[in-house]
Amino acid sequence: PGSNIDLLEVGDSAHNFYLPDLDGNIVDLESFRGQPVIVNFWATWCAPCRVEMPALQAAYEAHQEDDLVILAVNSQESHQDVTDFFAELGLTFTPLLDYEGEISNLYHVFNFPSTYFIDGTGRVTAVHRGLLSSEQIESYLAATLNSPN
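What comes next concerns the included structure. All figures in this text were calculated on a predicted structure; none of them were measured in a lab. Residue numbers restart at each chain and count upward from 1, following the sequence in its written direction. Only residues with pLDDT of at least 70 get local features here, since the model is predicted, and only at 80 or more are side-chain atom pairs given and counted; chain-wide, interface and lining totals rely on the full set of residues. Hydrogens and waters are ignored; side-chain quantities use all the structure's heavy atoms.

### Here we look at the nonpolar core
So, point 1. Here, nonpolar core means buried Ala, Val, Leu, Ile, Met, Phe, Trp, Tyr and Cys residues that are tied together by side-chain atoms lying within 4.5 Å of each other. Think of it in three bands: with a 1.4 Å probe and only protein chains considered, a residue is buried below 20% of the maximum accessible area for its type, exposed above 50%, and partly exposed in between. One finds Ile38, Trp42, Phe86, Phe93 and Ile137 to be the most contacted residues of the largest nonpolar core, which totals 24 residues.
So, point 2. Broken down by secondary-structure element, the contributors of at least two residues to this core are strand E3 (37–42), helix H1 (47–62), strand E4 (69–75), helix H2 (79–89) and helix H4 (134–145).
So, point 3. No other element matches the 6 residues that H1 contributes to this core.
So, point 4. Two residues qualify as a contact provided that any one of their heavy atoms is within 4.5 Å of a heavy atom in the partner residue. Apart from residues lying up to four places away in sequence, Ile38 is in contact with Leu56, Leu68, Val69, Ile70, Leu71, Thr115, Tyr116, Phe117, Ile137 and Leu141.
So, point 5. Counting residues in each nonpolar core, the second largest holds 20 residues, with Phe17, Leu19, Phe32 and Leu96 among its members. Helix and strand assignments come from DSSP, with helices taken as H or I runs of at least 4 residues and strands as E runs of at least 2, each series counted from the N terminus.

### A look at H2
So, point 1. Burial in H2 covers these residues: Val82, Phe85 and Phe86. For H2, the arc enclosing every buried residue in end-on projection is 95°, short of the 170-degree limit, so these residues lie on one face. Exposed residues lying more than 90 degrees from the buried face of H2 are Ala87 and Glu88.
So, point 2. On its buried face, H2 is in contact with E3, H1, E4 and strand E5 (94–98).
So, point 3. Looking one or two residues past H2, Gly90 carries a phi angle of roughly 65°, positive in sign. The arc under discussion is defined with respect to the helix axis, by the directions toward the C-beta atoms.

Below you can see the structure in the form of structure tokens.
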């Protein structure tokens, strides 16, 4: 149990991080204060990740007016693998490259996919380990958007 002491729970402030996107720009979580953020930890070899990506894309498109941000943190794979995967699935949200797996470790991700929903104040509103359905995404997002800012 001791090792779980710093697992992020609902209501906690999300850990800030800095990671490069595919263009080499450094993205940091705190720069999205005031916007709802989904942080999705994934890998190209993870079958459930592939299954849920279109649902995340649909949510991203449906919540443009809410300024929804989706940061897809890839664990320890190459720039090319991530580029190809996003192109193949037609994804338009933001992939980030966690080359060393440091951010996955920071968030105690022990299986893919793992997803954190974060409100405009930087607080975690939901943590989901495993495959997300569209219904679950919408349900978590409703709580995230209605969270007091």
